Structure formats: C-alpha cells, structure tokens
Amino acid sequence: MSIEPEIRETLGKINVAASGRTLANLNLLRDIEVKPDKIKISVAGAGLSASSQQILRQDISLCLKPLLNKQTLEIEYISVPLNELNHVKKVVAVMSGKGGVGKSLITGLCAVALNRQGYRVGILDADITGSSIPKMFGANQHLAGNEEAILPAQSRAGISLVSTNLLLTNQDDAVIWRGPLISKMINQFWDDVLWGELDYMVVDLPPGTSDASLTVLQSLPISGILVVFTPQGLVEMVARKAVSMAEKMGKPIIGLVENMAYLKVPELDKKIEVFGTGHGEELAKSIGVPFIGQMPLDPALAALCDSGDIEKYQHPLLDELEGAISRS
Ligand SMILES: Nc1ncnc2c1ncn2[C@@H]1O[C@H](COP(=O)(O)OP(=O)(O)OP(=O)(O)O)[C@@H](O)[C@H]1O
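Here the residue numbers are simple positions, counted from 1 along each chain's written sequence. The predicted origin of the model limits local features to residues at a pLDDT of at least 70 and limits the giving and counting of side-chain atom pairs to 80 or more, whereas totals for whole chains, interfaces and linings rest on all residues. Side-chain numbers come from the whole structure's heavy atoms, not from hydrogens or water.

(A) Geometry of unusual backbone geometry. At Asn27, a position not held by glycine, the phi torsion is positive, near 65°. Put simply, DSSP H or I for four residues or longer makes a helix, DSSP E for two residues or longer makes a strand, and each gets a number counted from the N terminus. Structurally, Asn27 can be placed in the loop between α2 (23–26) and β3 (29–34). Positive phi, normally seen in glycine, also occurs at Met260, with a value near 55°. For Met260, the location among the structural elements is in strand β14 (residues 253–265). Burial classes follow relative accessibility: with a 1.4 Å probe on protein chains only, a residue under 20% of its type's maximum area counts as buried, one over 50% as exposed, and anything between as partly exposed. For Met260, a relative accessible area of 17% translates into the label buried.

(B) Seen up close, the domain arrangement of the protein chain. Domain boundaries in the protein chain define domain 1 (4–80) and domain 2 (84–327). For domain 1 and domain 2, the distance between their C-alpha centroids amounts to 35 Å. Residues are treated as being in contact if the distance between any of their heavy atoms lies within 4.5 Å. Counting residues at the interface gives 18 residues for domain 1 and 17 residues for domain 2. Summed over both partners, the interface of domain 1 with domain 2 comes to about 1400 Å²; 53% of that surface belongs to carbon and sulfur atoms. Segmentation into domains, and thus their bounds, comes from an automatic or database assignment. A quick way to say it: buried area is the sum, across both parts, of accessible area lost when two parts are put together, with a 1.4 Å probe.

(C) Representation of the sheet that holds strand β4 (residues 38–44) in the model. The rule for pairing is simple: two strands pair if DSSP sees at least two bridges between them. Taken together, three strands build an open sheet; the order of strands is β3-β4-β5 and the sheet is mixed. The strands lining the two open edges of the sheet, one partner per strand, are β3 and β5 (72–78). Mean inter-strand twist for the sheet, computed between neighbouring axes without regard to direction, equals 15°. Across four bridges, the pairing between β3 and β4 is antiparallel. Looking at β4, one finds that Leu29 is bridged to Val43. Axis definition: a line fitted to C-alpha atoms, limited for helices to the stretch in contact. Angles are taken between N-to-C directions and run from 0 to 180 degrees. Here helix α1 (residues 4–12) sits on the sheet in contact with β3 and β4, set at roughly 145° to β3.

(D) Seen up close, helix α3 (residues 50–64). To estimate the expected span of a helix, count its residues, drop one, and scale the result by 1.5 Å. With 15 residues, α3 should cover 21 Å at 1.5 Å per step; its first-to-last C-alpha distance of 21 Å lies within 8% of that length. Buried residues along α3 sit against α1, α2, β4 and β5.

(E) Seen up close, the pattern of salt bridges. The working definition used for a salt bridge is a side-chain nitrogen of Lys or Arg within 4 Å of a carboxyl oxygen of Asp or Glu. Under the criterion given, the structure shown has 11 salt bridges. Arg8 serves as the salt-bridge partner of Glu4, at 3.0 Å between the closest nitrogen and oxygen. Here Glu4 pairs with Arg8, and both are found in helix α1, just four residues apart, close to one helical turn. On the basis of relative accessible area, Glu4 is assigned to the partly exposed category, the value being 25%. A salt bridge links Glu33 to Lys35; the shortest N-O distance between them is 3.2 Å. Look at the salt bridges and you will find they share partners, linking Lys89, Arg120 and Asp199 into a network.

(F) Examining α1 more closely. What α1 keeps buried is the set Ile7, Leu11 and Gly12. The buried residues of α1 occupy an angular sector of 125° when projected down its axis, which confines them to one face. In α1, the exposed positions angled more than 90 degrees off the buried face are occupied by Pro5 and Glu9. Tucked inside the fold, the buried residues of α1 contact β2 (21–22), α2, β3, β4 and α3. Think of the arc as the fan of directions from the helix axis to the C-beta atoms.

Structural data, given as structure tokens:
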C-alpha cells in the first residue's frame, strides 16, 4: 500500500513560517512521488521568502524522517500559477450607499461570525482609500511574500487579511490615488495574493456606488451582496440605490443590515433611537430583499474596534449574519 496519503496528511499539518497557516491550508503541497529508493516532494514556492523556504525544507525533512525507509528525500520548489493554488468557495461583498455607515465594521463582523463556525475566512479590503479593517483586527504587520505572491496577514483567530494599510510603511499615511490605480490594486489583491483554501472571502467594498465599487462587482466572482445602511431617510434612499446597482449587475442581494439602529445605554437599560425609528424590515420588504437584522450603536463595540479586538465582540446579529451568508 502506498504511503503517499500518510505523507500528504503529515506534511499538510506543517505551519508555514510567516503565514500563520498550514501547508494544506495554503495548498502549497503539490506532487509526492514515492519510489523504492527515493521520496520526492514538490512544494509551490509562491509567497515564501528564501528563509521561509529554508525553514520549511527543514520541517519537511524532520517530519518525514520516521517514514523514510532507506530512501533519500528530495524537496523541490516549483512555480505554480496562483489560480491553481487559490480555491475560494464563496465571495461575498459588503456594500453601502454612502460612507461612514459601518460597512467596514459589518465586513469585520461577518468574517468573525463565519470564523467562529470553523470556516476558513479571508477579508479582501477593497476600500483602498478608507481602509479600516487592519486596525479593527489589531493587525499591523507588513504583508510578506516573494515575487510570485503576497501572503495575507492573519488575525488572532486566523482570518486572512489583505489591505492597502498593510502595505504602507506608516498606516496613518493617506492613500490619494486615482480611480484606475485603485482598480488595479483591487485586482491585484485578488490575482496576486496567495489566499489558498478559503470557504469564504468577505470583500469590504469602497463606499457608495462609485466606479471603484463597480470595478469590484465586475472583476471579482462575487456570489452575493450585503447592503448596510443606517435609519436616516436619506441613507435608506441610498440603500435602495445600492440594491438597484447590485441587481443591475446581476448580483444577488443576501440581505440588508441596519447599523446604528439605536443607542444601547446599559446603565439606563434603555434604547435611544438616535436617528429615528428604523424601518429596516419595511424597507427590505418594499425592495423585495431579506432583512438580516439590526446592530445597535454600541460603545463597547467601538472600543473593541479601536483596540483591535473586534474578534471578542458578542451580539446575536453575528449568528444572523453567519446564517444569511451560509444559506446564500
Ligand atoms: N454599531 C456601531 N457601534 C459603535 N461604533 C460603530 C458602529 N458602527 C460603526 N461604528 C464606528 O463608526 C466608524 C465608521 O465605521 P466604518 O469604518 O465601519 O464605516 P464605513 O461605512 O466602512 O466607512 P467608509 O465607507 O467611509 O469606509 C468606525 O470607527 C466604527 O468603529
């Protein structure tokens, strides 16, 4: 009986230096050849610096030592196109009609909710000029990689993150690029990143119904869209606009999320409807899309985002988000 499956399973568990993920998870383990006198392992070198490749070589040798039966071991690094290494099962985008309604925050919470259910999740931050995802997750490491691919950063809970802010030397630097450059960057985040095996990718779209949002909707294989809005009349109107744009592009709407629906004051045990009574459910009904739920304006959530601890947040809306996305 061939020992190839056993070798694949054993090596698949090795953690790849600088990635926070395993060889199997990154899909880097390619051919395994077992001969009476030799075992040959082919590994895709995408995203791995020379030192990461060296460390991995040692880890593979160490792991295989007990399985070698007088055979020699050969480990080779090969070049494999990224589209053969990246398998993203579902891509969902989070959209808003206008800026500042909490689109990035809901993107982050969707990823947290899916990750808690054991799914492999990545966030592609396409909000290039207003990127706030890394801060919420406390990620500040510069993205690593080699000439073949960029490696995503990892959140504490293991969510893969790619954002312009993780490419800047100083995260406070402003990104003042024009449309075409932004579109190019977003495409690179899809084409040139080693995402590996992911169950879900959540895309934080640029705010509004701008060219940049259109580019993302056209160029990425998005299977569904969540629309975030707040309970002001004007914002509801732009939410309708966002839904209509998504529908025109043939992208199904997963549902509407009403953010900042009310202010939670635990000391008073009271809900204050800062922006007036929300009509989220009615709005969703009138547009003919599902209503996922409401998120309060919660000072505890704002504090967790500021300290990079969004993954600690607990709220029933997270289950609703996970359910809506996984059913879509
Ligand atoms: N429900 C909420 N409770 C507390 N703070 C919130 C809530 N929603 C959003 N915020 C805070 O409001 C700010 C804006 O949110 P966010 O960055 O998610 O908006 P956005 O719609 O993505 O903005 P833009 O479109 O301009 O990028 C952030 O500091 C975020 O932490």
